[in-house]
Amino acid sequence: MKRILVVGSSGALGRTVLRTLKQRLGSTGCETTSIDFSNSNCADINLLLDGKQAWGLQMKGIQETIDMEPSPQFDAIIHVAGGFIPGGLGSGVEHVENSLSTNLFSAF
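Source: prediction; values computed, not measured.

## Digging into the sheet that holds strand 4 (residues 76-79)
Strand order in the open sheet formed by four strands is 3-2-1-4, and the pairing between neighbours is parallel. Two strands in the sheet have a free side with no partner beyond their single neighbour: strand 3 (45-48) and strand 4. Pairwise comparison of adjacent strand axes, ignoring direction, gives a mean angle of 20° for this sheet. Pairing of strand 2 (residues 30-36) with strand 3 involves four bridges; the strand directions are parallel. From the neighbouring strand, isoleucine 35 faces strand 3, where its bridge partner is leucine 47.

This is the structure we're talking about:
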């Protein structure tokens, strides 16, 4: 069985990716794990992020959860998170920080 991690799987693109994986590989052909800010009803396992907690602590917790699995390695990691920046584009450093925290840090 293939183990696939999908980051950003509760959004429109993420749900489509998960549904397509299940259709192509079958429900017994793959186990999908979601990392996102909300549950994905298409994923087998959901690991939730909290925008109010420090990223480092969250990533440590997610890594510990993954490490407890009988097979802690993934056959594929698909990142489809991002695109939306809360508060609009902003300017200068604020824009860069919003982009990083929303789109990049959520992947790790």
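Next comes the rest of the description.
## Some details on the pattern of salt bridges
Inspection of every chain in the model, using the stated rule, returns two salt bridges. Note that glutamate 31 is salt-bridged to arginine 3, the shortest N-O span being 3.0 Å. Remark: arginine 3 occurs in strand 1 (residues 2-7) and glutamate 31 occurs in strand 2; sequence separation between them is 28 residues. Aspartate 44 is paired through a salt bridge with lysine 22; the nearest N and O atoms lie 2.5 Å apart. With aspartate 44 in the loop between strand 2 and strand 3 and lysine 22 in helix 1 (residues 12-25), this pair connects stretches of sequence that are 22 residues apart. With relative accessibility at 43%, the residue aspartate 44 sits in the partly exposed group.

Each value, and the rule that gives it
Residues numbered from 1 in each chain as written. Predicted model: local features only at pLDDT ≥ 70, side-chain atom pairs only at ≥ 80, totals over all residues. Heavy atoms only, no water. Pairing = 2+ DSSP bridges. Helix = DSSP H or I, 4+ residues; strand = E, 2+ residues; numbered from the N terminus. Axes fitted to C-alpha atoms, helices over the stretch in contact; angles between N-to-C directions. Salt bridge = Lys/Arg side-chain N within 4 Å of Asp/Glu carboxyl O. Buried < 20%, exposed > 50% of the residue type's maximum accessible area, 1.4 Å probe, protein only.

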